[in-house]
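Structural overview
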Amino acid sequence: MASSLTKDSVRPETPGTDKTFFGHPRGLATLFMTEMWERFSYYGMKALLTVYLLSGGPGAGKGSMGGGLAMDVATTTVIVSVYSAMVYLLAMPGGWLGDRVWGPRKTVAIAAITIMCGHLVLALPGGQAPFFAGLALVAAGSGLLKANISTMVGHLYNGPDDPRRDGGFTIFYMGINMGAFFAPLVIGTVGQEVNWHLGFGLAAVGMGIGLASFLLGTRHLNPVSNVVPKPLSTEERTSWLRKGLGWLLAAVVFYGVVGGTGHFTMNWAMIPLTIIGLVIPAGVLLRIKRDKELSSVEQSKMTGYIWFFVAAAVFWMIYDQGASTVQAFGEGKAANAMFGFDFPSSWYQSVNALFIMALAPVFAFVWVWLNRKGKEPSTIVKFSMGLVLIGVSFFFFLIPLGMAANGTAVSPMWLVGIYFIQTVGELCLSPVGLSVTTKMAPAKYASQMMGVWFLAVTAGDSITSLLSNPAIAGVDLGGTGAVFGEALLAALAGFAVWMYRRKVKSLMGDVN
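Below is a summary of the structure that appears in this document.

Things to note about the side chain of Ser346
- The topology assignment puts Ser346 in the loop between β4 (341-342) and α12 (351-372).
- A polar contact is formed between the side chain of Ser346 and the backbone oxygen of Gly188, at a distance of 3.5 Å.
- At 2.8 Å, the side chain of Ser346 and the side chain of Gln192 are in polar contact.
- Discounting chain neighbours no more than four positions away, the residues touching Ser346 are Ala47, Pro184, Gly188, Thr189, Gln192 and Gln327.

Topic: the packing of helix α2 (residues 73-89) against helix α3 (residues 91-100)
- As a packed pair, α2 and α3 sit with axes 4 Å apart at the nearest point and diverge in direction by 25°. With respect to α3, the element α2 is oriented roughly parallel. Counted together, Val87, Tyr88 and Leu89 of α2 and Ala91, Met92 and Pro93 of α3 form the full contact between these two elements.

Things to note about a nonpolar patch on the surface
- Taken together, the side chains of Val388, Val392, Phe395, Phe484, Leu488 and Leu492 present a nonpolar region at the surface, about 450 Å² in accessible area.
- Structurally, Phe395 is set in helix α13 (residues 379-403).

Observations regarding unusual backbone geometry
- One non-glycine residue, Asn336, adopts positive backbone phi at about 55°.
- The residue Asn336 is located in the loop between α11 (325-333) and β3 (337-338) in this model.

Thoughts on the environment of Ser81
- Relative to the elements of secondary structure, Ser81 occurs in helix α2.
- Looking at Ser81, the relative accessible area reads 4%, which means it is buried.
- Once the C-alpha coordinates of Ser81 and Ser411 are considered, the two residues, 330 residues apart in sequence, prove to be 26 Å apart.

Let's talk about the nonpolar core
- Residues Leu31, Tyr83, Phe131, Tyr305 and Trp316 are the most contacted members of the largest nonpolar core, which totals 120 residues.
- Looking at this core, the element that brings in the most residues is helix α1 (residues 27-54), giving 14 residues.
- Excluding anything up to four places from it in sequence, Phe131 contacts Leu49, Tyr52, Leu53, Leu69, Ile79 and Leu122.

Quick notes on helix α10 (residues 296-319)
- With 24 residues, α10 should cover 34 Å at 1.5 Å per step; its first-to-last C-alpha distance of 35 Å lies within 8% of that length.
- Counting buried residues along α10, 17 of its 24 residues qualify, which places the element largely inside the surrounding structure.

A short note on helix α16 (residues 480-499)
- For α16, built from 20 residues, the straight-helix expectation of 28 Å at 1.5 Å per residue is met to within 8% by its first-to-last C-alpha distance of 28 Å.
- By the burial criterion, the buried members of α16 are Ala482, Val483, Glu486, Ala487, Ala490, Ala493, Gly494 and Val497. Mapping the buried residues of α16 onto a view down its axis gives an arc of 135°, with all of them on the same face.
- Of the surrounding secondary structure, the elements contacted by the buried residues of α16 are α10, α13 and α17 (501-508).

Rules and cut-offs
- Per chain, residues are indexed from 1 in the order of the written sequence.
- Under the rules for a predicted model, residues below a pLDDT of 70 receive no local features and side-chain atom pairs below 80 are neither given nor counted, while totals for whole chains, interfaces and linings still include all residues.
- Heavy atoms from the whole structure form the basis of all side-chain values; hydrogens and water molecules are not counted.
- Every helix listed is a DSSP run of H or I at least four residues long, and every strand listed is a run of E at least two residues long, numbered separately from the N terminus.
- A 3.5 Å cut-off defines polar contacts: any pair of N or O atoms within that distance qualifies, except that in protein one atom must be a possible hydrogen donor and the other a possible acceptor, and neighbouring residues in sequence count only when both atoms are side-chain atoms.
- Contacts were defined at the residue level, with two residues in contact if any of their heavy atoms lie within 4.5 Å.
- To obtain an axis, a line is fitted to C-alpha atoms, over the contacting stretch when the element is a helix, and the angle between two such axes runs from 0 to 180 degrees between their N-to-C directions.
- Working rule for angles: under 35 degrees goes down as roughly parallel, over 145 as roughly antiparallel, 65 to 115 as roughly perpendicular, anything else as oblique.
- For patches, a residue must show more than 30% relative accessible area and have no salt bridge; joins then use 9 Å for like charges and 5 Å for nonpolar side chains, namely Val, Leu, Ile, Met, Phe, Trp and Tyr.
- Note that accessible areas follow from Shrake-Rupley with a 1.4 Å probe, and for residues the cover is restricted to the protein chains shown.
- Salt bridge, as used here: a side-chain nitrogen of Lys or Arg that lies within 4 Å of a carboxyl oxygen of Asp or Glu.
- Throughout, exposure labels follow a simple rule: accessible area from a 1.4 Å probe, protein chains only, divided by the maximum for the residue type, with under 20% read as buried, over 50% as exposed, and the rest as partly exposed.
- Among buried residues, those of type Ala, Val, Leu, Ile, Met, Phe, Trp, Tyr and Cys that are joined through side-chain atoms within 4.5 Å constitute a nonpolar core.
- Multiplying 1.5 Å by the helix residue count minus one yields the expected span of that helix.
- For this quantity, the arc is that covered by the directions from the helix axis to the C-beta atoms.

As structure tokens, this is what we get:
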């Protein structure tokens, strides 16, 4: 029985077959297809998100199809930012459910069903109610799936020293970017040019194909992925259930009173979620940092890690505006035509994935080549490069902003340039951030620290929401002043990380 298996008693080879997938365990094909189609559904919906919210409103393009929610750019940015923040925030409880309740395999199946249902609800007409309900389901499902499917990729190999392991994850991540590249071209086109809800329905079809691929291919997965690593005891299960029901009842009563008295507005949901997105990352870091069981070396590494976390939050705050602030600019102020060919603005969301697939192998080669010459930049320097580049992307953004100030529709190549610079910055910072997280994690929190890294995205997106929300700061993030301020902040943060690199290096101990 699956529950009687342990990680040490299960063969790491592909169960039941000698077939391989590009020299890797056959189960990698199953997980590759599942992740590719899940990302197809996720990025397809995300490509429509900003333009659907703007459609019919003051931020929509002149030729924009109606039928959307007709919101302004500020409200759209708040919604997109909170949604992105919740996806990454929910990766932590998603990982916990996989470790303590269902096991990775069952959690991924539940996640895929939840995501598919979310897209189906988004496909329903009816305005804001089905839209927000569907968005919540997709966010919850994505959080459940994110950590657990990567865990199952690791299960296919014979521990961290298996020479095929890094290559397997590289192939897996190519699936992510393939899905992200094709989704806006298909779902975005159908949604913008034919019918919004048909586009959301196509995202559900994509997730349905991913779910079918997963269920049909589970026999190729390592049986250990069906094991609950550390199941809850009866007492713990009762305690968690009691607490969960208590918080749910409190929320139902509170929002029932607010709604019943006619005071409910969207901000009654958005502002608490924004605050949660800031408080939880800070609380998690503080809890780990203050843990008295950590050794002095681990305490020092956590202090150093906080530098990386804050820097990453600044990076993602700007980077994720590629799907909100920059996308809104592309929808309302770019020509969206090249060589006589018109295209929907949702296609801009394919650019980053295209650049990732083209440039990631180049970066991998360059880092190895520099390493052989003894000139590879340190982790700290790569981080500072990423921050400076994300700042440069917004300095570059100022040019088309100025050109469009008099109503001129700018060339789409300006947006392509922004996404190109941001992708180069991402390739400097993101892979290094994942690596340094695993290297600097205290032994006690080794399995939790990857979730902590994702919380940097949550914090960055929550700051964006906080700034854009008219009820809080009300900053026009698409305005010249805000774009310049964010660009300057990122560049100064990158410079500060570089200036204090020796101090941070001393805190990192033996981590390079």
